[in-house]
Structure formats: structure tokens, C-alpha cells
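Residue-level structural notes
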Amino acid sequence: MTGEQIIFILVALFTLGSGVMVVTTRNLVHAALWLVSTLFGVAVAYALLNATFLAVVQVVVYIGAIAILFIFAVMLTRKDMRDQGPQMNPGWWAGALIAVLVFAGLFFLLQGWSGLSTTATAIPVGFDSISALGEALVSPNAYVLPFEVASVLLVAALVGAVYVAFNRR
Amino acid sequence: MSFWNDPLKVAADWLLGIFNGWGMNDLVAQILIGFLGIFILVALLMVLDIFLVWVERKVVARFQDRLGPNRLGPFGLIQPFADIIKLLIKEDITPGGADKVVYNLAPMLSMMSVLILWAVVPLAPRMIGVDLNIGALYIIAAGAIGTLSIIMAGWSSNNKFALIGAFRQVAVMVAFEIPMLATLLIPTILAGSMGFNAITEAQDIWFFWIVPLAAVIFMIAAIAELGRSPFDMSEGESELVAGFNTEYSGMKFGMFYAGELLHAFTFGSFWAILFFGGYRFLGLEKVSAFLAIAVIVFKSFIGYWVIMWVKYTLMRIRIDHMLGFNWKFLTPLAFVLLMVVALLNALLAGTPQWIYVPVMFLANVILGLGALEIARAYSRRERAKVEGVVTT
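None of these values were measured; they are calculated from a predicted model.

1. Details of the overall build of chain A
Secondary structure assignment for chain A yields six helices and zero strands. The order of helices and strands in chain A, counted from the N terminus, is α-α-α-α-α-α. Here chain A has a C-alpha radius of gyration of 21 Å; the compact-globule value for 169 residues is 15 Å, and the former is much larger. Going through the 169 residues of chain A one by one, you find that 13% of them count as buried. At a minimum sequence separation of 6, the contacts of chain A that also span at least 24 residues come to 54%.

This is how it looks when you write it as C-alpha cells:
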């Protein structure tokens, strides 16, 4: 086992453990903080894949904005941070079944995939992944359409939020 | 001579030789040397932090026309050590009903969010922790962790003043991140890279002379991000006791305080790197790496001094004014500036420097003055409205 694999396994265990804590802890703010550590684990996984841009954006967007928003929402809407009542709803077995089926399906699909057993080619020295990403996002041959559609969607959400919050005099 | 040019590599090779001599594996030795490097950098920063306490107190004394610490040692230089001993022997209080783990984690995260910033600071041409190709975004990501530490501190203290302080501070930090991000993109456009080393190398002419308005906006956003006066609503001692760190005592408070000082110095250094050429000064950086470090420390202190100058000159702004100023003035201005710079940079590509620099500079000045004029006209209208109500 190489050092990278050991680090990956540790990070994956950390991420999964935090994920389990998110859904099992009864304190809602603690759940939000465990969510932060889960998202951080995902960021580390991106960093291990040499996707530094995605890793940093993961921290900026998910920890810096979304997790903070969660914490705010929980703090401002709940008087009691402890969640009472059962943690499972009656349909838990259906959810578990679907999860197991999806996992099994992915497992069988990926077993036949040749990409799983080949090692990735090393990134050439001096390769600027971030400008390649930037060019792909605005190049008509690559992802300009999804990128623009997502932008329009976000602008629509922004306009909607301003419209809802706007105080007519 | 190579030691004076690239001391880190020489030292690392020397250590590697010693470790290999002990029969250590190459990989283990590399990891050990990496950790040693981090340890030395952090230790130096913490020592600098002690010194910064003294600098801050002396400078504020100067601004307020008093002497500052002057009893212990020459110029009161031993005062910060006395302060540290005092903080260490203070009773460590955990408030009743506090969330212990989160409460103790918050000061550590606060300090960490500052220290990790130094991973991307280029101290000399080849002395940089990691030359990340997304250095500019990395600052924002570290700031996100700082925001998190403040909300953790405010919430876990089980104190309403701490929580209100944390809410205010987080509202300010989340808001001022946006103009900061927009101004960080401007040196990125000019240098063609987000890495700090590349940005420094691109500054044959300081970016301050090309985009002065961006430097000013970055400084304002940085001061807000630091939570220093005039943006220190989070501490607002006249109404909130001490804001988010009300319940912290002893060295835990010391961590927040030291973190804030080092954060201010760090942003002084980012200001220097982004707009004032970083470690470059008249070719001194080519002579020796140590001179380059001296240059960047000196420039960082100037940035730090500007932050202190603003802090001890201006009064605190009300929270709604502060956020209004950000969302209605600074953010639109930063985005307009970003578009203008991007457009002009593309239009003027290939023109000689004596055209490029003055045109960029003038565009910035005109944009800044125009924005101020719009703001002034608006405030005049508002004032007329209020005064009209008062007189009738």
C-alpha cells in the first residue's frame, strides 16, 4: 500500500464517520458542525486527486457559505437545540433497502469498468489545470452551455430572492 | 553563495544528508523535513506575534498621544512576555452550560485559520510553503474557517452577548468576502495567474500604480474581514461587553487576540504581495533570499501600520450602515472595477507600458471619483429628506 492510499483510507473513514455523526447526533448545531467536517473531508479527497481548485471551492462554498447558513438557520429558528422524539421514521427499512440496492448496483457496474484497475496517467510537469478548467468552461466545444444555463438559473434565484425580500413603499 | 540565494534548499539537503546517514528512508526523511519546516515557520510567526503585541500597543499609544508600555526593559520590550505570563496563570473559566468541545475548539480554529494563510505567502523567490495555483482563492477559504471559528465561539459560550457579537461578525465577514474576492481577481487578471509567486513575479511595475482603486477596496474589505475598527461591531464593547469572546479567559482569549494581530499583519503582507510587489524591491531579492525576506517583512509592516492607522483614527460604524455600505457601494464598485480592468487589459494588450499604465491608473481614479460622487449625491438627497421632515 502506498502512502497516498493510506491517507485516502484515513480521509474516507473520517468523512464517513463525520457523515454518520451528522445523522445520529441529537444536537442540531453539532450536526451542522459534523457536516462541516464531512465537507472538509471531501475537500481533502479533491486535494488528493490534484483537483486543488475544486478542493478550495468546496471549502469556500460549502463550509464558508452553506454550512454557515445552516448554522444560522438552526440558531435562529430553534429555541431548543436538542431534537426530541425518535430518530428513525417508520419507513426506515425502505430507505435502507434502496441504499443497499444502489450500492450493490454501483458495485456491480464499476466491477466491469476497466478504469477501476488502471492507474491514472501522471499529470505532466507544468500542466496548468486551472487554466484548462477555465477554458473548458467558456469553450463552445466543451461546457459553455451547461455553464451558462447554471448561471442563468442562479441569476433567476437571485432575482427571486430580491423580489421576495423587496420592501415596497 | 548558494546558501544566500536559496537557504531552504541548502538546509533541506543538509538535513537529508544527516537523516540518510542515520539510515533513514528517503521518504520518511522528506516528510520529517517538511514537518520541521512547518514547525520552524509557525514558531517564528508566533514569536513575531509576541512582538506584534508590543508594536500594536506602542503605535496606538503614539496615535493617542501617550507613551504606551515603557517600564519593562528598553522601550517596554519585555511587556508582552509579562502579558503572556499573566494570561497563562489566569484561571481558566468555562461558563456554565457551555458546549465544552466546541468552546475549546473555537480559539484553536481561529489561530489555525490565520497560520494556514502563511502556507501560500512567498517570502523570497524560492521560499514559499506551496506555490498553489489558486492562491487567491485559498485566502477566502481560510477566511471561511475563521468565520466558522467565530460562530462556534459565540454559540458555545452560552451567552447572549457573545452570540449577538458572533452574528454581527459573521454577517460582516460573509458580506465583505465578496468585494474581497472581486478585487483578488484583479491582480489575477493582470498577472495571468492566481499563484502568489506568479503575481509577485509579474509586478515589474507595482500593481498599485495600475489598479489603485482595487488596492483601496482590498484594504477596506480586509479590515472588515479582520473585524477591526471601524468594522469592529462584533466587539462593540459599549453594547456587547466584548462580543464573541466575552466568556473566554486566560490563554484562550489570548489565542483570539494573538490571532487577530497576526491576521492583521498577514493581510498587510497580502496587500504588499498583491499590490506592492511582494518581496521585490529594486532587484534586492536577486542579491540574497534574506534581503527578500527583509523586504517583504518591511512591506507587511507598512500594510499593518495602515490597518492600525485606520483602526485608531476612525469611529465604529453602525451595523446596518456597514452592511449597506458593502452591498450598495463596495460590492457594485468592485464588480464594475473588475469588468473595466478586464476590458481595458484586453483592449490595451500589446500597447507599450507608457500608455498602458497611465490609462489604467486614470480609469481607476475616474471610477473611484465617480462612485464617490454618486454616493455623495445620494447622501445629499437623503439628508435633504430628513432635514425637510425636521423643519416642517
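After presenting the structure, the write-up continues.
2. Thoughts on the overall build of chain B
Looking only at helices and strands, one finds 16 helices and zero strands in chain B. Relative to the 2.2 N^0.38 estimate, which gives 21 Å for 392 residues, the radius of gyration of chain B is 23 Å and therefore close to what a compact globule would have. Here chain B holds 392 residues, and 41% of them are scored as buried. For chain B, long-range pairs separated by at least 24 residues make up 76% of all intrachain contacts whose partners lie at least 6 apart in sequence.

3. Points about the packing of helix α6 (residues 135–156) of chain B against helix α7 (residues 160–191) of chain B
All names here are of chain B. Closest axis-to-axis distance for the α6/α7 pair is 9 Å, and the angle between their directions is 175°. Taken together, the axes of α6 and α7 lie roughly antiparallel to each other. Within the contact between the two elements, α6 uses Ala136, Ile139, Ile140, Gly143, Thr147, Ile150, Ile151, Ala153, Gly154 and Trp155 and α7 uses Ala162, Leu163, Gly165, Ala166, Gln169, Val170, Met173, Val174, Glu177, Leu181, Leu184 and Thr188. Taken together, the residues of the contact of α6 with α7 sort by class into 15 nonpolar, six polar and one charged.

4. Description of the domain arrangement of chain B
Residue and element names in this part refer to chain B. Splitting chain B by domain gives domain 1 (1–89) and domain 2 (94–391). A separation of 24 Å is found between the C-alpha centroids of domain 1 and domain 2. Across the boundary between the two partners, domain 1 contributes 19 residues, which contact 17 residues of domain 2. Here the side of domain 1 that touches domain 2 gets 10 residues from one element, more than from any other, and that element is helix α3 (residues 26–63). Grouping the amino acids of the side of domain 1 that touches domain 2 by side-chain chemistry returns 13 nonpolar, two polar and four charged.

5. Comments concerning the interface of chain B and chain A
Accessible area lost when the parts come together is the quantity often used to give the size of an interface. Counting residues at the interface gives 16 residues for chain B, matched by 15 residues for chain A. Where the side of chain B that touches chain A is concerned, the elements lending two or more residues are α6 and α7 of chain B. The leading source of residues in the side of chain B that touches chain A is α6 of chain B, at nine residues.

6. Structural notes on the environment of Leu132 of chain B
Relative to the helices and strands, Leu132 of chain B resides in the loop between α5 (100–115) and α6. Sequence spacing of Leu132 of chain B and Ile89 of chain B is 43 residues, and the spatial spacing of their C-alpha atoms is 41 Å. Setting aside anything within four residues of it in sequence, one finds Leu132 of chain B in contact with Thr52 of chain A together with Val120, Tyr138 and Gly195 of chain B.

7. Examining the nonpolar core
Residue and element names in this part refer to chain B. Of all hydrophobic cores here, the largest spans 117 residues; its most connected members are Ala166, Phe218 and Trp271. Considering every element that reaches this core, the biggest residue donor is α7, with 17 residues. Apart from the residues lying within four places of it in its own chain, the contact partners of Ala166 are Ile150, Ile151, Ala153, Gly154, Trp155 and Phe244.

8. Brief notes about the domain arrangement of chain A
Taken as a whole, chain A is organised into domain 1 (1–83) and domain 2 (129–169). Distance between the C-alpha centres of domain 1 of chain A and domain 2 of chain A: 25 Å.

9. Concerning α3 of chain B
All names here are of chain B. Between its first and last C-alpha, α3 extends 54 Å over 38 residues, near the 56 Å set by a 1.5 Å rise per residue. Buried within α3 we find Asp49, Leu52, Trp54 and Glu56. Packing partners of the buried residues in α3 comprise α4 (79–89), α12 (250–275) and α14 (289–313). One or two steps after α3, the chain reaches Asp65, where phi turns positive at roughly 60°.

10. Points about the environment of Gly268 of chain B
Residue and element names in this part refer to chain B. Tracing the chain through its elements places Gly268 in helix α12. In this structure Gly268 comes out as buried when scored by C-beta crowding, with 23 C-beta atoms within 10 Å. Along the chain, Gly268 and Val306 lie 38 residues apart, while their C-alpha atoms are 8.1 Å from each other. Leave out the neighbours within four places in its chain, and Gly268 touches Ser300, Phe301, Gly303, Tyr304 and Ile307.

11. Concerning the environment of Glu56 of chain B
Residue and element names in this part refer to chain B. In this structure, Glu56 sits in helix α3. For the pair Glu56 and Ala144, spaced 88 residues apart in sequence, the C-alpha separation works out to 26 Å. Apart from the residues within four sequence positions on either side, Glu56 is in contact with Leu261 and Met308.

Rules used throughout
- Residues numbered from 1 in each chain as written.
- Chains lettered and ligands numbered in written order.
- Predicted model: local features only at pLDDT ≥ 70, side-chain atom pairs only at ≥ 80, totals over all residues.
- Helix = DSSP H or I, 4+ residues; strand = E, 2+ residues; numbered from the N terminus.
- Rg over C-alpha atoms; globule rule 2.2 N^0.38 Å.
- Buried ≥ 20, exposed ≤ 12 C-beta atoms within 10 Å, placed from the backbone.
- Contact = placed C-beta atoms within 7 Å.
- Axes fitted to C-alpha atoms, helices over the stretch in contact; angles between N-to-C directions.
- Parallel < 35°, antiparallel > 145°, perpendicular 65-115°, else oblique.
- Nonpolar A, V, L, I, M, F, W, Y, C, P; charged D, E, K, R; others polar.
- Domains from an automatic or database assignment.
- Core = buried A, V, L, I, M, F, W, Y, C linked by C-beta atoms within 7 Å.
- Expected span 1.5 Å × (residues − 1).

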